[in-house]
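Listed below, chain by chain, are the residues.
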Amino acid sequence: MGNSFVFMLLAVIAVGSAIGMLVSRDAVHSALFLVLNFITIAVFYVVLNAPFLAMVQVTVYAGAIMVLFMFVIMLLGAERLRGMWGDRPSELVFAAFLGFLLVVTFLIALVMEGKTAVSANMIDSSPVALGLRLFEGYVFPFEVVGILLLSAMVGVVILTISNKRGKNV
Amino acid sequence: MDFQPPIINLLIVAPLLITMGAGLFLMLLNIFCKRDGVYYWLTLAAIAAALVQNVAMWGHEYGTFIARGSYPMVVSDNFSVFLNSILLLSGIGTLLISRNYLHRTKLERPEFYMLMLFSLSGMMMMGMANDLILVFVALELLSIPLYIMAGLAVSRDDSKESAMKYFLLGAFSSGIFVYGIALIYGATGATALPAVYAVLEAGSPLAMAGTAFLMVGFAFKIGAVPFHMWTPDVYEGAPTVVTAFMSVGAKVAGFAALLRVFTVALPAMSDAWMGALALIAALTLIIGNVVALMQTNIKRMLGYSSIAHAGYLLIGVAAAGQHSEAVGSVLLYMLAYLFTTMGAFGVVIALEHKLGEGIMLEDYKGLAKRNPWLSAAMLVFMLSLTGVPPTGGFSGKFYIFRSAVEANLWWLAIIAIMTSVVSGYYYLRVVFYMYMFDGDRTEPVYAGTALKTGLLIALVGTLWLGFFPAGWFELAYKAVIGTTQLLAGG
């Protein structure tokens, strides 16, 4: 850890794959770029001394969620998007300008802040420590997330079931 | 490594447990019981029970889910009790005005009540959360059921559009919000609000960026300009009861978290966020009120009107950066907004004879002759929304303007007064249509007992706040002190 060369390399890959995902007009390529991005972030976690999070990142995001994405893309047949500039090029230019402003703001903020990063070495991020933290201070948000996921699931079910009803009538 | 159980006092989260538990119970009941009325009354009972439990906590201050050596995850103080009461009342109001509506539009299903209870839990959590992580979880818990409820009328395209727009923009703004939390964490190494307060130094650029991102996330939820684009479309397309619920609940909850996060965790940045919020407030007032002038659909009109009211509330929040008593005026305004908006939507629902029909201004022609009581009620609500004495809207605006002047935000107070005058045009136009035209409408007006009860409560609330605002203001003022005390302790 502390090797800034590794960090720079990873950062370039992460940002590059994120841009690739946005720019690519082929949804499958976009999804693959996203997988690359997720894996790079997993490596980040390893570098930051959090191997367990890295494994979760790979299995849940790069694995399960992306497979789901691929399925959806396949089922919808929405592989290809139209031309590079979308429907409204002027909006794209405006958005790019705002994005540029944001980057400049962040750069200024980082330079002025002076300190580089919160040190991660002190934090114990083994599965045991993570589990203990979840059930000590964070037990309430943890339980509420359960309700949250449940309500999302209920939503999916009722929206699709009534869709079917609508078709039958 | 040993497990050290946190200090848990379940009484503090009892209102949340009641609403969430009732939601889960209804889900199980769904297997056995197919009668819709049962769900309605059970939901009403659960919310009423939560309200009683909530009010019983007035005057006490405590936190719960405290891990060793840290701050409580959830707190209950007068501030949260006051806001939770508003939210629970909005839940009751929504139920009262939805009794007949859901049935005749064939939208009544057990899931509606379940989602509403979950969303209500998220809303209450927004005001009680003492940690940025919980604020985020609460924000999602309030939003996701609302996205679904907006799309409940799946057979209609505008309802689908409404849900889709709300969902996409909401998900985007949630992303921005989380980014803000990450930046604050990067600057301070903490997510608990008092811990952020303890560590934060004024002028830290990272925290400044984080504050800006948080502000964008909140501004989206409360529908402030320039993050308001979704509001009119979502309000128009969603079933009217859902519109009523989100125009009060989601907005009050957004302000609850905004106030707590900014006054408890980020007072070090108050110079920065005060100016930004004042600017957003001015833009919101002007755009919300001016665009509302052109609306002919009453739901869209109320949508823009809710944007404008977010502007008035933001004045109070901006003033709270100077002196914390301003929070009291925000709370009072919310109470007035609750009664008035719920009432106005009640009348809209009574006239909406079919899903999505009867909601144009034209449909209000000659209502005074057809149904004098309903139009008299609408008259009061419109006057209150404009801010004419002696209604709740006037009292709310009076205290907001006063706090703006005390915080030396003269220019903002002047803009607010001028836009209030402008707003008179589109609110009173509804009155004009009701009383000055002869209508040829023959569609029935659906005003059942539940809806009448709801309207009566809204009417009494609006007028009570109008005639005797002082006592209510005292109460709201007591709700402020709790939050500031929490600052010192923790």
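Analysis parameters
- Residues numbered from 1 in each chain as written.
- Chains lettered and ligands numbered in written order.
- Predicted model: local features only at pLDDT ≥ 70, side-chain atom pairs only at ≥ 80, totals over all residues.
- Heavy atoms only, no water.
- Helix = DSSP H or I, 4+ residues; strand = E, 2+ residues; numbered from the N terminus.
- Buried < 20%, exposed > 50% of the residue type's maximum accessible area, 1.4 Å probe, protein only.
- Contact = heavy atoms within 4.5 Å.
- Areas by Shrake-Rupley, 256 points an atom, 1.4 Å probe, with all protein chains shown as cover.
- Rg over C-alpha atoms; globule rule 2.2 N^0.38 Å.
- Lys, Arg positive; Asp, Glu negative; His and termini not counted.
- Charge placed at Lys NZ, Arg CZ, Asp CG, Glu CD.
- Salt bridge = Lys/Arg side-chain N within 4 Å of Asp/Glu carboxyl O.
- Phe/Tyr/Trp six-rings, centres within 6.5 Å; stacked < 30°, edge-to-face > 60°.
- Lys NZ or Arg CZ within 6 Å of the ring centre and 35° of its normal.
- Buried area = accessible area lost by both parts, 1.4 Å probe.
- Polar contact = N/O pair within 3.5 Å; in protein donor to acceptor, adjacent residues only side chain to side chain.
- Axes fitted to C-alpha atoms, helices over the stretch in contact; angles between N-to-C directions.
- Parallel < 35°, antiparallel > 145°, perpendicular 65-115°, else oblique.
- Nonpolar A, V, L, I, M, F, W, Y, C, P; charged D, E, K, R; others polar.
- Left-handed = near helix turned anticlockwise from the far one by under 90°.
- pLDDT = per-residue confidence, 0-100.
- Expected span 1.5 Å × (residues − 1).
- Core = buried A, V, L, I, M, F, W, Y, C linked by side-chain atoms within 4.5 Å.
- Patch = residues over 30% accessible without salt bridge, like charges linked within 9 Å, V, L, I, M, F, W, Y side chains within 5 Å.

A. Highlighting the overall build of chain A. When helices and strands are tallied, chain A shows six helices and zero strands. Within chain A, the proportion of its 169 residues that are buried is 25%. The contacts of chain A with a sequence gap of at least 6 include a subset with a gap of at least 24, amounting to 61%. Of the roughly 11600 Å² of accessible surface on chain A, 77% is carried by carbon and sulfur atoms.

B. Region of the structure containing the overall build of chain B. Helix and strand counts for chain B come out as 19 helices and two strands. Here the C-alpha radius of gyration of chain B, 21 Å, is about what a compact globule of 490 residues would show, namely 23 Å. Taken over the C-alpha atoms alone, chain B extends approximately 75 × 60 × 40 Å along its principal axes. Taking all 490 residues of chain B together, 64% fall into the buried category. The long-range fraction of contacts in chain B, counting pairs at least 24 apart against all pairs at least 6 apart in sequence, stands at 81%. Counting every atom, chain B has about 16900 Å² of accessible surface; 68% of that belongs to carbon and sulfur. Distance between charge centres in chain B, computed from 25 positive and 25 negative side chains, equals 8 Å.

C. Quick look at the environment of I148 of chain B. As for its position among the elements, I148 of chain B is in helix α5 (residues 132–150). A sequence separation of 18 residues divides I148 of chain B from Y166 of chain B, and the C-alpha atoms of the two residues are 9.5 Å apart. In this structure, I148 of chain B is in contact with S151, G155, I158 and L159 of chain A together with L115 of chain B, ignoring residues within four places of it in sequence.

D. The arrangement of the pattern of salt bridges in detail. Residue and element names in this part refer to chain B. In this structure the tally under the stated criterion is twelve salt bridges over all chains. A salt bridge links E111 to R109; the shortest N-O distance between them is 3.9 Å. Judged on exposure class, the residue E111 and its partner R109 are both buried. One salt bridge in this structure joins D233 and K165, with 2.7 Å as the shortest N-O distance. One end of the pair, D233, is in helix α9 (residues 230–237); the other, K165, is in helix α6 (residues 157–188), with 68 residues separating them in the sequence. A relative accessible area of 29% means that K165 is categorised as partly exposed.

E. Molecular detail of the packing of aromatic side chains. Within the structure shown, the criterion is met by 29 aromatic pairs over all chains. Considering the side-chain rings of F135 of chain A and F142 of chain A, the 5.0 Å spacing of their centres and the 65° angle between planes classify their relative orientation as edge-to-face. According to the relative accessible area criterion, F135 of chain A is partly exposed, its value standing at 37%. Here F142 of chain A falls in the partly exposed class, since its relative accessible area comes to 35%. Measuring from ring centre to ring centre gives 6.1 Å for Y40 of chain B and Y113 of chain B, while their planes differ by 80°; the resulting arrangement is edge-to-face. Taken as a pair, Y40 of chain B in helix α2 (residues 36–56) and Y113 of chain B in helix α4 (residues 110–128) lie far apart in primary sequence, 73 residues in all. Judged on exposure class, the residue Y40 of chain B and its partner Y113 of chain B are both buried. Between R99 of chain B and the ring centre of Y40 of chain B, over which it is positioned, the NZ or CZ distance is 4.4 Å.

F. Quick peek at the interface of chain A and chain B. Tallying the contact residues gives 32 residues for chain A and 43 residues for chain B. Both faces considered, chain A and chain B share a buried interface measuring about 3200 Å² in area, 81% of it formed by carbon and sulfur atoms. At the surface where chain A touches chain B, the tally comes to zero salt bridges. Counting across the interface, chain A meets chain B through one residue pair in polar contact (both at pLDDT 80 or more). Of all elements in the fold, only α4 (89–113), α5 (127–136) and α6 (139–168) of chain A reach the threshold of two or more residues within the side of chain A that touches chain B. A total of 17 residues in the side of chain A that touches chain B trace back to one element, the largest contributor, which is α6 of chain A.

G. Region of the structure containing the packing of helix α15 (residues 372–386) of chain B against helix α16 (residues 392–406) of chain B. Residue and element names in this part refer to chain B. One way to put it is that α15 packs onto α16 with a least axis distance of 6 Å and a crossing angle of 10°. Relative to α16, α15 is oriented roughly parallel. Of the residues in α16, those touching α15 at S384, L385 and T386 are G392, G393, F394 and K397. Taken together, the residues of the contact of α15 with α16 break down into two nonpolar, four polar and one charged.

H. Layout of the packing of α15 of chain B against helix α18 (residues 449–467) of chain B. Residues and elements named next belong to chain B. The contact between α15 and α18 brings their axes to 10 Å, and the two run at 40°. Judged on the interaxial angle alone, α18 and α15 are oblique. Considering how the two elements wind past one another, α15 and α18 form a crossing that is left-handed. Side by side, α15 and α18 meet where L374, A377, V380, F381 and S384 of the first sit next to L455, A458, L459, T462 and L463 of the second.

I. Region of the structure containing the confidence of the model for chain A. Model confidence for chain A is summarised by a mean pLDDT of 81, while 81% of its residues fall at 70 or above. Confidence, expressed as mean pLDDT per element, reaches its minimum in chain A at α6 of chain A with 81 and its maximum at helix α2 (residues 27–47) of chain A with 90.

J. Fine view of helix α12 (residues 298–320) of chain B. Residue and element names in this part refer to chain B. Between its terminal C-alpha atoms α12 stretches 33 Å, which fits the 33 Å expected from 23 residues at 1.5 Å a residue. Among the 23 residues that make up α12, 23 are buried, leaving the element largely enclosed by the rest of the structure. Near the N-terminus of α12, the side chain that reaches the backbone nitrogen of K299, with its oxygen 2.8 Å away, is that of N297.

K. Here's a closer look at the environment of M436 of chain B. Of note, M436 of chain B is situated in helix α17 (residues 410–436). Residues M436 of chain B and L367 of chain B, spaced 69 residues apart in sequence, show a C-alpha to C-alpha distance of 9.5 Å.

L. Layout of the nonpolar core. Membership of the largest hydrophobic core comes to 198 residues, with the highest contact counts inside it found for F140 of chain A together with F262, L266 and Y364 of chain B. Residues contacting F140 of chain A, with those up to four places away along its chain left out, are V13, L16, F65, M73, V74, M125 and L134 of chain B.

M. Quick look at the confidence of the model for chain B. Residue and element names in this part refer to chain B. Chain-level statistics for chain B give a pLDDT mean of 89 and a share of 98% at 70 or above. Highest mean pLDDT in chain B belongs to α5 (94); lowest belongs to helix α19 (residues 469–488) (72). Overall, residues 484–490 carries pLDDT values under 50, and its contacts beyond four positions in sequence, including any with other chains, amount to eleven contacts.

N. View of helix α1 (residues 14–32) of chain B. For α1 of chain B, spanning 19 residues, the distance from its first C-alpha to its last is 27 Å, which sits close to the expected 27 Å at 1.5 Å a residue. Among the residues making up α1 of chain B, those that are buried are A14, P15, L16, T19, M20, A22, G23, L26, L29 and N30 of chain B.

O. Structural detail: the environment of V317 of chain B. Residue and element names in this part refer to chain B. For V317, the position within the fold is in helix α12. Classification of V317 by relative accessible area gives buried; the value is 1%. Along the primary structure V317 and V330 are separated by 13 residues, whereas in three dimensions their C-alpha atoms are 7.0 Å apart.

P. Molecular detail of a nonpolar patch on the surface. Residues and elements named next belong to chain A. Taken together, F5, V6, L9, I13, F33 and L36 make up a surface patch of nonpolar side chains, about 520 Å² in accessible area. If you list the elements that add at least two residues to the nonpolar patch, you get α1 (4–23) and α2. Mapped onto the secondary structure, F33 falls in helix α2. Residue class for F33 comes out partly exposed when judged on its relative accessible area of 31%.

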